[in-house]
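# Per-entry structural report
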Amino acid sequence: MLSIEDLKAQAKRLRATLAESGQTLGHSQSLEAVARMRGYRDWNTLHAAIGNRPPGPPVGVGQSVGGAYLGKPFRGEVKAVSALGDGRFRITLHFDDPVDVSTFESFEVLRQRVSATIQRNGETMERTSNGAPQMQISL
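Residues numbered from 1 in each chain as written. Predicted model: local features only at pLDDT ≥ 70, side-chain atom pairs only at ≥ 80, totals over all residues. Heavy atoms only, no water.

The next subject is the pattern of salt bridges. Scanning all chains against the criterion turns up 3 salt bridges. Across the salt bridge formed by Asp42 and Arg41, the nearest N and O atoms sit 3.6 Å from each other. The class for Arg41 is exposed, based on a relative accessible area of 67%. For Glu123, the salt bridge goes to Arg127, with nearest N and O atoms at 3.9 Å. Residue class for Arg127 comes out partly exposed when judged on its relative accessible area of 41%. (Salt bridge = Lys/Arg side-chain N within 4 Å of Asp/Glu carboxyl O. Buried < 20%, exposed > 50% of the residue type's maximum accessible area, 1.4 Å probe, protein only.)

Below, the structure is given as structure tokens:
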């Protein structure tokens, strides 16, 4: 489901498109039209349905993502996502190629499937010793 901002932008585009063909539609009329197109009785009902729903996770199962894990770049697939509350989500990623998380050149520590708790911005609250997030997902 789209956000309230997305729906308002859709209403604005609808007004602009109709204006190009010489039809005038007011702001509130376009919001009502968007609500009806989405199967709601009116804009207030749509707004209540969307506004009362907490935003979902920043990534979805099956999505291909990239970012950094313990300072090392990765590409991978989201295998699982679950909401923990307070805008935090537990995710499991399967990296396309194993990531060497060792800081020593003398040996490797490879990780290919990892789980982490991320915030809506795609970062973990936990930090490494240099202050960077343990995981950052590029959104």
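Still more to cover.
Before going further, it helps to examine the sheet that holds strand 4 (residues 110-119). With antiparallel pairing, 5 strands are arranged side by side in an open sheet as 4-3-2-1-5. The open sheet is flanked by strand 4 and strand 5 (135-137), the only strands paired with a single partner. The sheet shows a mean angle of 40° between the axes of neighbouring strands, direction not considered. Across 8 bridges, strand 2 (residues 72-85) lies against strand 3 (residues 88-100) in antiparallel orientation. Opposite Ser82, over in strand 3, you have Arg90 as the bridge partner. (Pairing = 2+ DSSP bridges. Helix = DSSP H or I, 4+ residues; strand = E, 2+ residues; numbered from the N terminus. Axes fitted to C-alpha atoms, helices over the stretch in contact; angles between N-to-C directions.)

Scanning all chains against the criterion turns up 3 aromatic pairs. Arranged with centres 5.8 Å apart and planes meeting at 50°, the rings of Tyr69 and Phe95 form a pair that is tilted. Taken together, the residues Tyr69 in strand 1 (residues 64-69) and Phe95 in strand 3 connect sequence positions 26 residues apart. Arranged with centres 5.7 Å apart and planes meeting at 25°, the rings of Phe104 and Phe107 form a pair that is stacked. Accessibility expressed as a relative area gives 41% for Phe107, which makes it partly exposed. Feature note: the residues Tyr69, Phe74 and Phe95 constitute an aromatic cluster, connected by ring pairs. (Phe/Tyr/Trp six-rings, centres within 6.5 Å; stacked < 30°, edge-to-face > 60°.)

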